[in-house]
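Fold and contact review
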Amino acid sequence: MNKGSLSFQTVKRKQIVDDVVEQLQRKISLGELSPGMQIPTEPELMEQFGVGRSTIREAVRVLVSAGLLDKRQGHGTFVCQQKPIQEPLDYRLRRAEILEVYEVRRMMEIEAARLAADRRDDEDLRVMRELLDQRQVAIDSGRVKEYLDADIAYHIAVAAATKNAVLADMYRIFSEVLRHSLENLVNHPQYNQYYTEQHEKIYEAIRDKDVQAAELYSMQHLDGTRTELEEHIKS
């Protein structure tokens with residue numbers, strides 16, 4: 001995305017720094033400001049937000065401290081590469097049993113699919129389509145790591161399409177834990193070949209803005225995955 005196409009809302013005077021931080025962080029969480037991208041200059045941000053230089057500098061300082069932005073002297077301010085946020089939720093998920101993790105995954109993904117079907121845009125569809133194609137190529141060639149990369153990235157893209165920054169952030173943290181679990185369970189991409197059709201149906205429902213179908217196909221996919229997982233654990 002070209003940074004010149006970004007737009008922000010003028011903020012109210014009360015708690016203006018927090019408002020600027022929230023809007024910038026939202027753009028980062030939803031991928032509108034992607035890793036490595038340079039954010040607009042101070043004058044550009046001052047004009048779009050309708051605030052003074054000190055407010056912009058304080059908001060940027062907060063996001064730099066949080067590890068979301070990197071200020072490079074003489075070059076500008078850039079979005080950092082996104083990493084799992086180390087906080088209690090992350091630690092708790094890593095201690096959880098895999099079936100407990102899947103129960104939480106089910107709740108999150110069903111709601112994400114429903115909201116994505118209602119709120120997605122053309123760019124969301126492009127990203128999802130590209131990741132599904134990468135997933136299929138990895139399955140066909142038997143490359144486990146690439147399969148997991150594309151599969152998890154696809155679900156992250158669905159979460160981002162909800163336009164709910166909190167959900168997108170939570171799923172990004174959650175996906176790191178999910179990947180760690182899957183790496184110990186998936187020996188070959190063919191293990192999940194059966195679910196390719198369901199991934200396609202979820203995508204088509206989101207594309208068609210069919211909220212009920214997106215919810216239904218996500219439910220079927222996740223329930224089937226849980227059954228397979230239970231059998232795998234018992235074996």
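Computed from a predicted structure; not experimentally measured. (Residues numbered from 1 in each chain as written. Predicted model: local features only at pLDDT ≥ 70, side-chain atom pairs only at ≥ 80, totals over all residues. Heavy atoms only, no water.)

**With respect to the overall build of the chain**
The cut-off we apply is this: Counting from the N terminus, the helices are the DSSP runs of H or I reaching at least four residues and the strands are the DSSP runs of E reaching at least two. In what follows, residue pairs with any heavy atoms lying within 4.5 Å of each other are defined as contacts. Exposure was quantified through the Shrake-Rupley algorithm and a 1.4 Å probe, taking into account, for residues, occlusion by the shown protein chains and nothing else.
Each helix and strand counted, the chain has 10 helices and two strands in total. Ordered by position in the sequence, the α and β elements of the chain form the string α-α-α-β-β-α-α-α-α-α-α-α. Considering only contacts in the chain between residues 6 or more positions apart, those separated by 24 or more positions represent 74%. Of the roughly 12,700 Å² of accessible surface on the chain, a fraction of 49% belongs to carbon and sulfur atoms.

**Considering the packing of helix α1 (residues 16–29) against helix α3 (residues 53–65)**
Which entries qualify depends on this criterion: In this analysis, axes come from line fits to C-alpha atoms, helices being fitted only over the stretch in contact, and the angle between any two N-to-C directions falls in the range 0 to 180 degrees. Oblique is the label for every angle not falling under 35 degrees (roughly parallel), over 145 degrees (roughly antiparallel), or within 65 to 115 degrees (roughly perpendicular). Each crossing gets its handedness from the near helix: less than a right angle anticlockwise from the far helix is left-handed, clockwise is right-handed. Three residue categories are used. Nonpolar comprises Ala, Val, Leu, Ile, Met, Phe, Trp, Tyr, Cys and Pro, charged comprises Asp, Glu, Lys and Arg, and polar comprises the others, including Gly.
For the pair α1 and α3, the least separation of the axes is 9 Å and the interaxial angle reads 55°. It follows that α1 is oblique to α3 by the angle criterion. Relative to α3, the crossing made by α1 is right-handed. Here Ile-16, Val-17, Val-20, Val-21, Leu-24 and Gln-25 of α1 lie close against α3, whose contacting residues are Thr-55, Ile-56, Glu-58, Ala-59, Val-62 and Leu-63. For the contact of α1 with α3, a count of residues per class yields nine nonpolar, two polar and one charged.

**Here's the deal with the pairing of strand β1 (residues 69–72)**
To keep things clear, this is the line we draw: Between any two strands, pairing holds if DSSP finds at least two bridges.
By the bridge criterion, four bridges tie β1 to strand β2 (residues 76–79) in an arrangement that is antiparallel. Of the residues in β2, the one forming a bridge with Arg-72 is Gly-76.

**Details of helix α7 (residues 144–160)**
Selection rule: A helix is expected to reach a length of 1.5 Å times the quantity of its residues less one. Here's how the labels work: a residue is buried when its accessible area is under 20% of the maximum for its type, exposed when over 50%, partly exposed in between, all with a 1.4 Å probe on protein chains only.
Between its first and last C-alpha atoms α7 spans 24 Å; for 17 residues at 1.5 Å apiece the expected length is 24 Å, and the two agree. Burial analysis of α7 places 12 of its 17 residues in the buried class, which makes it a mostly covered element. Taken together, the buried positions of α7 are occupied by Tyr-147, Leu-148, Ala-150, Asp-151, Ile-152, Tyr-154, His-155, Ile-156, Ala-157, Val-158, Ala-159 and Ala-160.

**Structural notes on the packing of aromatic side chains**
Going by this rule: Aromatic contacts are taken between Phe, Tyr and Trp rings whose centres are within 6.5 Å, Trp giving its six-membered ring; a plane angle under 30 degrees counts as stacked, one over 60 as edge-to-face, and the others as tilted.
Across all of its chains, the model carries one aromatic pair by this definition. With a centroid separation of 5.9 Å and an interplanar angle of 40°, the aromatic rings of Tyr-171 and Phe-174 are classed as tilted. Note that Tyr-171 and Phe-174 are positioned in helix α8 (residues 165–183) at a spacing of three residues, about one turn of the helix. Each member of the pair Tyr-171 and Phe-174 is classed as buried.

**A closer look at the environment of Arg-179**
For Arg-179, the position within the fold is in helix α8. Sequence separation of Arg-179 and Lys-145 is 34 residues, and the distance between their C-alpha atoms is 10.0 Å. Dropping the residues within four chain positions of it, Arg-179 is found in contact with Lys-145, Leu-148, Asp-149 and Ile-152.

**Digging into helix α2 (residues 42–49)**
Note the following rule: The arc refers to the directions leading from the helix axis to the C-beta atoms.
Taken as a whole, α2 has its buried residues at Glu-42, Leu-45 and Phe-49. Along the long axis of α2, the arc covered by the buried residues comes to 65°, so they all point the same way. Lining the buried residues of α2 we find α1, α3 and β1.

**As for the pattern of salt bridges**
Convention followed: One side-chain nitrogen of Lys or Arg within 4 Å of one carboxyl oxygen of Asp or Glu is enough to make a salt bridge.
The full count for this structure, using the stated rule, is 21 salt bridges. Between Arg-105 and Glu-109 there is a salt bridge, with the nearest N and O atoms lying 2.6 Å from each other. Taken as a pair, Arg-105 and Glu-109 lie in helix α5 (residues 98–119) at a separation of four residues, close to a single helical turn. Assigned by exposure class, Arg-105 and Glu-109 land together as buried. Its salt-bridge partner being Arg-126, residue Glu-130 comes within 3.2 Å of it at the nearest N-O pair. Taken together, the positions of Glu-130 and Arg-126, both in helix α6 (residues 122–141) and four residues apart, correspond to about one turn of that helix. Looking at Glu-130, the relative accessible area reads 41%, which means it is partly exposed. Salt bridges sharing partners connect three or more residues here, namely Glu-42, Arg-53 and Arg-57.

That's the geometry; what it means functionally is another story.
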